[in-house]
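# Close look at the chain arrangement
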Amino acid sequence: QVHLVVSGGGLVQAGGSLRLACAASGSIFNRNVMGWYRQAPGKQRELVAVFTNGGSINYADSVKGRFTISRDNAKNTVYLQMNSLKPEDTAVYYCAAGPFVPGRYWGQGTQVTVSS
C-alpha cells in the first residue's frame, strides 16, 4: 500500500530551481507531520524541511533562504520548492510522514542532481 507518492526531481544547473511534490493519502496527510529528507552518497540522511507537530516550519541551516516547504490541503500534497540550487544539494530526496516527526511512512526517493 503506497501512502506517499513523490514527483519532481531531475537534473538542473547550479543556480536553478526544482519543485518536488509529495501526494499523500488523506489519512496520512491529516494525521501526521510531514517533511522532506535527503541523502547524498556517503552521507547520512538529513532532514531538509518539516512541518512540526506544533504547526511551525523548520529548515536545515544549509537550505534556509533557498528552499520552501508548503502544503496544499485540498490536494493532500506537500511541496518542496528548491531555488538557487548548489552542487552540494545533489542527493536523493525523500518525503516522509509520522505522528511526531516524519519517519513512519516514506515515499520513494527522487534524485536531484545539480551540475556546476
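Relevant structure appears above.
Attention here is on the structure that accompanies the text.

Rules used in this analysis
Residues numbered from 1 in each chain as written. Predicted model: local features only at pLDDT ≥ 70, side-chain atom pairs only at ≥ 80, totals over all residues. Heavy atoms only, no water. Helix = DSSP H or I, 4+ residues; strand = E, 2+ residues; numbered from the N terminus. Buried < 20%, exposed > 50% of the residue type's maximum accessible area, 1.4 Å probe, protein only. Pairing = 2+ DSSP bridges. Axes fitted to C-alpha atoms, helices over the stretch in contact; angles between N-to-C directions. Core = buried A, V, L, I, M, F, W, Y, C linked by side-chain atoms within 4.5 Å. Contact = heavy atoms within 4.5 Å.

## Side note on unusual backbone geometry
- With phi around 50°, Asn76 is a residue other than glycine that occupies positive phi space.
- In this structure, Asn76 sits in the loop between strand 7 (67-72) and strand 8 (77-82).
- On the basis of relative accessibility, which here comes to 18%, the residue Asn76 falls in the buried class.

## Structural notes on the sheet that holds strand 1 (residues 4-7)
- The strand order 1-3-8-7 describes an open sheet built from four strands, whose pairing is antiparallel. Only two strands of the sheet have a single partner each, and these edge strands are strand 1 and strand 7. Pairs of neighbouring strands in the sheet enclose a mean axial angle of 15°, with direction left out of account.
- Where strand 1 meets strand 3 (residues 18-24), four bridges bridge the pair, whose relative direction is antiparallel. Paired with Val5 across the bridge in strand 3 is Ala23.

## Notes on the nonpolar core
- Core analysis: the largest hydrophobic core is formed by 29 residues, its most contacted members being Leu4, Met34, Trp36, Phe67, Leu80, Met82 and Tyr93.
- The contacts of Leu4, once residues within four sequence positions are left out, are Cys22, Ala23, Ala24, Ile28, Met34, Cys95, Ala96, Ala97, Tyr105, Trp106, Gly107 and Gln108.

## What about the side chain of Thr77?
- Here Thr77 shows up in strand 8.
- Overall, the relative accessible area of 8% leaves Thr77 in the buried class.
- Look past the residues within four positions of Thr77 in its chain and what remains in contact with it is Ala21, Cys22, Ala23, Phe29, Ser70, Arg71 and Asp72.

Read these as spatial facts, not as claims about activity.
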